[in-house]
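Here's the letter readout for the chains.
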Amino acid sequence: MTSYPSPQPEFAGAPISFRDKYKSSPQFLALFNEGMALVEQTANYLDGPGRIDGKRLKAPLTIAYATESMRLTTRLMQLASWLLVRRAVNRGEISEDQAATEKHRVVLVPIGRSTRTAGYEELPEALKDLVEASMRLHDRIMRLDRMMVTAPHLDEAPPRVHNVGAQFDKLKIAFTA
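The following paragraphs examine the structure supplied in this document.

1. Looking at the overall build of the chain
- Scanning the chain for helices and strands turns up 7 helices and 0 strands.
- Of the regular secondary structure in the chain, the N- to C-terminal order runs α-α-α-α-α-α-α.
- Long-range contacts, defined here as pairs at least 24 residues apart, represent 78% of the contacts in the chain between residues at least 6 apart.
- In the form shown here, the chain has an accessible surface area of approximately 12100 Å², with 59% of it arising from carbon and sulfur atoms.

2. Some details on helix α2 (residues 26–47)
- For α2, spanning 22 residues, the distance from its first C-alpha to its last is 31 Å, which sits close to the expected 32 Å at 1.5 Å a residue.
- Inspection of α2 places Phe28, Leu31, Phe32, Gly35, Leu38, Thr42, Tyr45 and Leu46 among the buried residues, and these make up the whole buried set. Viewed end-on, α2 has its buried residues packed into an arc of 165°, placing them on one side of the element. In this structure, α2 carries Pro26, Glu40 and Asp47 as exposed residues pointing more than 90 degrees from its buried face.

3. Some details on the packing of aromatic side chains
- On inspection of all chains with the given rule, the structure shows 1 aromatic pair.
- Pairing Phe28 with Phe32 gives two aromatic rings, centres 6.2 Å apart and planes at 40°, and the pair type is tilted. Of this pair, Phe28 and Phe32 both sit in helix α2, 4 residues apart, which is roughly one turn of that helix.
- Judged by its relative accessible area of 8%, Phe32 is buried.

4. A short note on the nonpolar core
- Core analysis: the biggest nonpolar cluster contains 33 residues, and Trp82, Leu127 and Ile141 have the highest contact counts within it.
- Secondary-structure elements contributing two or more residues to this core are α2, α4 (59–90) and α6 (125–150).
- The greatest single-element share of this core, amounting to 11 residues, is contributed by α4.
- Apart from the residues within four sequence positions on either side, Trp82 is in contact with Phe28, Leu31, Val106, Leu108, Ile141, Leu144, Asp145 and Met148.

5. Thoughts on helix α3 (residues 49–56)
- Restricting attention to buried positions, one finds in α3 the residues Gly50, Asp53 and Gly54. Taken around the axis of α3, the buried residues stretch over an arc of 100°, which confines them to a single face. α3 presents Lys55 and Arg56 as exposed residues on the side facing more than 90 degrees away from its buried surface.

6. A few points about the side chain of Glu68
- Mapping Glu68 onto the fold places it in helix α4.
- On the accessibility criterion, Glu68 (2% relative accessible area) is buried.
- Among the polar contacts made by the side chain of Glu68, one reaches the side chain of Arg71 at a distance of 3.2 Å.
- Not counting residues within four places of it along the chain, the set of residues in contact with Glu68 comprises Thr117, Tyr120, Leu123, Leu127 and Val131.

7. Topic: the pattern of salt bridges
- One pass over the full model with this rule turns up 9 salt bridges.
- Here Glu68 and Arg71 are joined by a salt bridge, their closest N and O atoms 3.2 Å apart. Separated by 3 residues within a single helix, Glu68 and Arg71 lie in helix α4, roughly one turn from each other.
- The residue Lys128 makes a salt bridge to Glu125 at a minimum N-O spacing of 2.8 Å. Taken as a pair, Lys128 and Glu125 lie in helix α6 at a separation of 3 residues, close to a single helical turn.
- For Lys128, a relative accessible area of 8% gives the class buried.

Conventions adopted
- Residues numbered from 1 in each chain as written.
- Predicted model: local features only at pLDDT ≥ 70, side-chain atom pairs only at ≥ 80, totals over all residues.
- Heavy atoms only, no water.
- Helix = DSSP H or I, 4+ residues; strand = E, 2+ residues; numbered from the N terminus.
- Contact = heavy atoms within 4.5 Å.
- Areas by Shrake-Rupley, 256 points an atom, 1.4 Å probe, with all protein chains shown as cover.
- Expected span 1.5 Å × (residues − 1).
- Buried < 20%, exposed > 50% of the residue type's maximum accessible area, 1.4 Å probe, protein only.
- Arc of directions from axis to C-beta.
- Phe/Tyr/Trp six-rings, centres within 6.5 Å; stacked < 30°, edge-to-face > 60°.
- Core = buried A, V, L, I, M, F, W, Y, C linked by side-chain atoms within 4.5 Å.
- Polar contact = N/O pair within 3.5 Å; in protein donor to acceptor, adjacent residues only side chain to side chain.
- Salt bridge = Lys/Arg side-chain N within 4 Å of Asp/Glu carboxyl O.

Following this line, the structure appears as structure tokens:
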């Protein structure tokens, strides 16, 4: 029979802070670099080849181009702000409490997801590639932000909502009335 050593006393029962562990990880640095590279790549495109691509479009598509490029830059500014705040926390420039204040907290919201711009498929491929890359990065950072806010410790799972119970309560009310 194999016996396993008992946990070290200093670790027994101590939660692991996901937020603290992640902020000093190579994964955060890679995410930060990816986000900043996408910001730079987008700026280079919109200030260079994107201007030429935009001028080549016919009148109805120029509105689609302007709409998507504004959504793209807004989305990237939101992501860059989040990454910069997280990096400031990681470096000890601001505390977690300060990062959570209204002054520093970056609330991530979906930008341009509910509807696609008419003519989107006819826009330059380079712009569409940047839009799609920004959306994928936005999704990843939103999930990460939720994890850091709702479950900073791995042993603190977000509360589960059981909709079945609520449905039974509604049925009881309906049949007793």
